[in-house]
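Survey of secondary and tertiary structure
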Amino acid sequence: MGNNIKELEIENIIWLIYIFISILAIVSNFYEKRFYHFRTFQDKQKYRYLNITIFVIAIIIYLYFLYRNLKHVNNGNYSFLAVFASVLFLIAGIITLYIEYQTAQDEGIAII
């Protein structure tokens, strides 16, 4: 029971981080719009940096959920599908981060 409460407390922190990520995404969109209107390199650099930061934070969260789900599968609490889903989220996050990093020189955005 104590571990479940601790995990819920960690999840509450993760939800707060998601709120922070959402605010970062709104700010990133603001700079992206400015870039498309004014074509300033600083705005492009800011929204790219913010997007990469968002994806790095998301990958760290996905790693936590993968670790937690692996622990639960080993204890017999979850099915293997929970781990599989966590791996898929992690792979999607890594691919999206890679795309964002690689397209830093392009004008187009390749975000899911």
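Here, the structure is the one placed above.
Residues numbered from 1 in each chain as written. Predicted model: local features only at pLDDT ≥ 70, side-chain atom pairs only at ≥ 80, totals over all residues. Heavy atoms only, no water.

A word on the nonpolar core. Counting 11 residues, the largest nonpolar core consists of Ile-14, Ile-21, Leu-24, Tyr-31, Phe-35, Tyr-47, Leu-50, Ile-54, Ile-57, Ile-61 and Tyr-64. Those elements giving two or more residues to this core turn out to be α1 (2-38) and α2 (41-75). The element that contributes the greatest number of residues to this core is α2, accounting for 6 residues. In contact with Leu-50, other than residues within four places in its own chain, are Leu-24, Val-27, Ser-28 and Tyr-31. The next biggest cluster of nonpolar side chains, apart from the first, holds 8 residues, and it includes Phe-55, Ile-59, Tyr-62 and Leu-97. (Core = buried A, V, L, I, M, F, W, Y, C linked by side-chain atoms within 4.5 Å. Buried < 20%, exposed > 50% of the residue type's maximum accessible area, 1.4 Å probe, protein only. Helix = DSSP H or I, 4+ residues; strand = E, 2+ residues; numbered from the N terminus. Contact = heavy atoms within 4.5 Å.)

A few words on a nonpolar patch on the surface. On the surface, Phe-80, Leu-81, Phe-84, Leu-88, Ile-91, Ile-95, Tyr-98 and Ile-99 cluster together to form a nonpolar patch covering roughly 820 Å² of accessible area. The exposure class of Ile-99 is partly exposed, given its relative accessible area of 30%. (Patch = residues over 30% accessible without salt bridge, like charges linked within 9 Å, V, L, I, M, F, W, Y side chains within 5 Å. Areas by Shrake-Rupley, 256 points an atom, 1.4 Å probe, with all protein chains shown as cover. Salt bridge = Lys/Arg side-chain N within 4 Å of Asp/Glu carboxyl O.)

In this section: the packing of aromatic side chains. Enumeration over the complete set of coordinates arrives at 6 aromatic pairs. Consider the rings of Trp-15 and Tyr-18, whose centres lie 5.7 Å apart with planes at 50 degrees: the pair is tilted. Here Trp-15 pairs with Tyr-18, and both are found in helix α1, just 3 residues apart, close to one helical turn. With a centroid separation of 5.3 Å and an interplanar angle of 70 degrees, the aromatic rings of Phe-30 and Tyr-31 are classed as edge-to-face. Looking at Phe-30, the relative accessible area reads 46%, which means it is partly exposed. Directly above the ring of Phe-35 sits Arg-39, whose terminal nitrogen or CZ lies 5.2 Å from the centroid. (Phe/Tyr/Trp six-rings, centres within 6.5 Å; stacked < 30°, edge-to-face > 60°. Lys NZ or Arg CZ within 6 Å of the ring centre and 35° of its normal.)

The next subject is the packing of α2 against helix α3 (residues 80-102). Where α2 meets α3, the closest approach of the two axes is 9 Å, and the angle between their N-to-C directions is 165 degrees. Taken together, α2 and α3 sit at an angle that is classed as roughly antiparallel. Crossing angle aside, the handedness with which α2 passes α3 is left-handed. In terms of residue class, the contact of α2 with α3 is made up of 19 nonpolar, 5 polar and 2 charged. (Axes fitted to C-alpha atoms, helices over the stretch in contact; angles between N-to-C directions. Parallel < 35°, antiparallel > 145°, perpendicular 65-115°, else oblique. Left-handed = near helix turned anticlockwise from the far one by under 90°. Nonpolar A, V, L, I, M, F, W, Y, C, P; charged D, E, K, R; others polar.)

We now examine the environment of Ile-52. Along the polypeptide, Ile-52 turns up in helix α2. The spatial distance from the C-alpha of Ile-52 to the C-alpha of Ile-99 is 9.8 Å, given a sequence separation of 47 residues. Beyond its immediate chain neighbours, meaning those up to four positions away, Ile-52 contacts Leu-97, Glu-100 and Tyr-101.

With that settled, the discussion passes to the environment of Val-83. Position of Val-83 relative to the elements: it lies in helix α3. Residue Val-83 is classed as buried on the basis of its relative accessible area, which comes to 5%. Separated by 10 residues in sequence, Val-83 and Gly-93 place their C-alpha atoms 15 Å apart. In contact with Val-83, other than residues within four places in its own chain, are Leu-66, Asn-69, Leu-70 and Val-73.

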